[in-house]
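Listed here are the chains, written in short residue letters.
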Amino acid sequence: MSTGMHKAQAPKSVKVAVLTASTTRSLADDKSGCWIKKHAEKKGHSVVFHRVVPDDREIIADTVHNIIEKHAPHAILVTGGTGVAPSDVTIETIRPLFTKELTAFGFLFTLLSYEQIDSAALLSRATAGIVGKTVVFCIPGSLQACKLACKELIFPELGHLAKHLREG
């Protein structure tokens, strides 16, 4: 079956969770997470979870597991903690949970970022992969990066990914 046929048969609405990893933000000032939530709903998706947690490996991992267990989302969008600072632990925490990694996501995000921010794109470690039957995207915490990832890569493929993960 062609990609076009897969996309045509894919669900138009999926369940999405938004998780922000930050020691400086709260839900009230989580511009990136709030934008993702609003944009997902605008696209017709159901946002089943939105929370800010500290940059802490155990808390991030436990939260991802709890989201999957309690809400069974098709996708979790994790924003923040993808940089190179010692406190940035999102990638080291979530990558080991993947049963499959979507290796093209990081490459494509970096390519698109480079067009916008030049060589600073080198600092991003955005990644995506599969945990159970849920796709997990790890994207930088900046609002500009979240908009880029969601508009150009994530939302155009959410239904397509959900179809593959849930229906085979």
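Per chain, residues are indexed from 1 in the order of the written sequence. Thresholds applied to this predicted model are a pLDDT of at least 70 for local features of residues and 80 or more for the giving and counting of side-chain atom pairs; totals over whole chains, interfaces and linings are not thresholded and use all residues. Side-chain metrics in this entry use all non-hydrogen atoms of the structure; hydrogen atoms and water are not considered.

**Q** Got a minute to help me understand the packing of aromatic side chains in this structure?
**A** Pairing of aromatic side chains requires ring centres within 6.5 Å, counting the rings of Phe and Tyr and the six-membered ring of Trp. Pairs whose planes differ by under 30 degrees are stacked, by over 60 edge-to-face, and all others tilted. Per the counting criterion, the structure on display carries two aromatic pairs. Measuring from centroid to centroid gives 6.3 Å for Phe105 and Phe109, while their planes differ by 20°, and the two rings are stacked. Of the two residues, Phe105 and Phe109 are both situated in helix H5 (residues 103-117); the distance of four residues between them amounts to about one turn of the helix. Here Phe105 and Phe137 contribute two aromatic rings whose centre-to-centre distance is 5.1 Å and whose plane-to-plane angle is 65°, an arrangement assigned as edge-to-face. With Phe105 in helix H5 and Phe137 in strand E6 (residues 134-139), the pair connects residues that are 32 residues apart, well separated along the chain. Helix and strand labels come from DSSP, where a helix needs a run of H or I of at least four residues and a strand needs a run of E of at least two; each type is numbered from the N terminus.

**Q** Help me understand the pairing of strand E1 (residues 15-21) in this model?
**A** Side-chain direction in a regular strand flips from residue to residue, so the side chains alternate between the two faces of the sheet. Burial here depends on accessible area, computed with a 1.4 Å probe over protein chains only, as a share of the maximum for the residue type. Under 20% is buried, over 50% is exposed, and the range in between is partly exposed. With respect to burial, E1 is a largely interior element, six of its seven residues being buried. Between any two strands, at least two bridges found by DSSP are needed for them to pair. Inspection of the sheet shows E1 paired to strand E2 (residues 46-53) by seven bridges, in the parallel sense. The partner of Ala17 across the bridge, within E2, is Phe49. Of the crossover connections in this fold, the one passing from E1 over helix H2 (residues 31-42) to the parallel E2 is right-handed. The pairing of E1 with strand E3 (residues 75-79) spans five bridges and is classified as parallel. Following the sheet pairing, Val16 is matched in E3 by Ala75. Look down the strands so they point away from you; if the path from the first strand over the helix to the second goes clockwise, the crossover is right-handed.

**Q** How do you make sense of a nonpolar patch on the surface when you look at a structure like this?
**A** Patch definition: residues with relative accessible area over 30% and no salt bridge; like charges joined within 9 Å; nonpolar side chains (Val, Leu, Ile, Met, Phe, Trp, Tyr) joined within 5 Å. Here the open area of atoms and residues is found with the Shrake-Rupley method and a 1.4 Å probe, where only the protein chains shown may cover a residue. Salt bridge, as used here: a side-chain nitrogen of Lys or Arg that lies within 4 Å of a carboxyl oxygen of Asp or Glu. Among the surface-exposed residues, Val84, Leu122 and Leu123 lie close enough to one another that they form a single nonpolar patch of about 340 Å² accessible area. As for its placement among the helices and strands, Leu123 is situated in the loop between H5 and strand E5 (127-131). Given the relative accessible area of 47%, Leu123 is considered partly exposed.

**Q** How should I be thinking about the environment of Thr24 in this particular structure?
**A** Considering the arrangement of structural elements, one finds Thr24 in the loop between E1 and H2. When the C-alpha positions of Thr24 and Asp55 are compared, they lie 9.4 Å apart, and in sequence the two are 31 residues distant.

**Q** Whenever I open this one, the environment of Gly106 confuses me. Can you help?
**A** Mapped onto the elements of the fold, Gly106 is located in helix H5. On the basis of relative accessibility, which here comes to 14%, the residue Gly106 falls in the buried class. For the pair Gly106 and Ser87, spaced 19 residues apart in sequence, the C-alpha to C-alpha distance is 20 Å.

**Q** Just checking my understanding: could you explain a positive patch on the surface for this structure?
**A** Counted as positive: Lys and Arg. Counted as negative: Asp and Glu, with His and the chain ends omitted from the count. Positions of charges follow a simple convention, taking NZ of Lys, CZ of Arg, CG of Asp or CD of Glu. A contiguous patch of positive charge, built from Lys38, Lys42, Lys43 and Lys151, is present on the exposed surface. Assignment of secondary structure puts Lys38 in helix H2.

**Q** Would you mind showing me how to read H2 here?
**A** Note: α-helices contain 3.6 residues per turn, so residues at a spacing of three or four share the same orientation. Between its first and last C-alpha atoms H2 spans 16 Å; for twelve residues at 1.5 Å apiece the expected length is 16 Å, and the two agree. Taken together, the buried positions of H2 are Ser32, Gly33, Trp35, Ile36, His39 and Ala40. Seen along its axis, H2 keeps its buried residues to an arc of 160°; they face one direction. Of the residues in H2, the exposed ones pointing more than 90 degrees away from the buried face are Lys31, Lys38 and Lys42. Its buried side turned inward, H2 meets E1, E2, E3, E6 and helix H6 (143-167). One or two positions beyond H2, positive phi appears at Gly44, with a value near 95°. Expected span of a helix, by definition, is 1.5 Å for each gap between consecutive residues, and there is one gap fewer than residues. Regarding the arc, it is the one traced by the directions from the helix axis to the C-beta atoms. Should any heavy atoms of two residues lie within 4.5 Å, those residues are considered in contact.

**Q** Would you mind showing me how to read the pattern of salt bridges here?
**A** Any two side chains of opposite charge can pair if their charged atoms end up close together. For the coordinates displayed, the defined rule picks out three salt bridges. Put simply, Lys37 and Glu41 hold a salt bridge, and the shortest N to O gap is 3.5 Å. One end of the pair is Lys37 and the other is Glu41, both in helix H2 and four residues apart, which spans about a single turn. According to the relative accessible area criterion, Lys37 is partly exposed, its value standing at 29%. Here Arg125 ties to Glu92 by a salt bridge, and the two come within 2.6 Å at their closest N and O atoms. Here Glu92 lies in helix H4 (residues 90-94) and Arg125 lies in the loop between H5 and E5, a separation of 33 residues in the sequence. With relative accessibility at 24%, the residue Arg125 sits in the partly exposed group. Residue classification places Glu92 among the partly exposed positions, given a relative accessible area of 32%.

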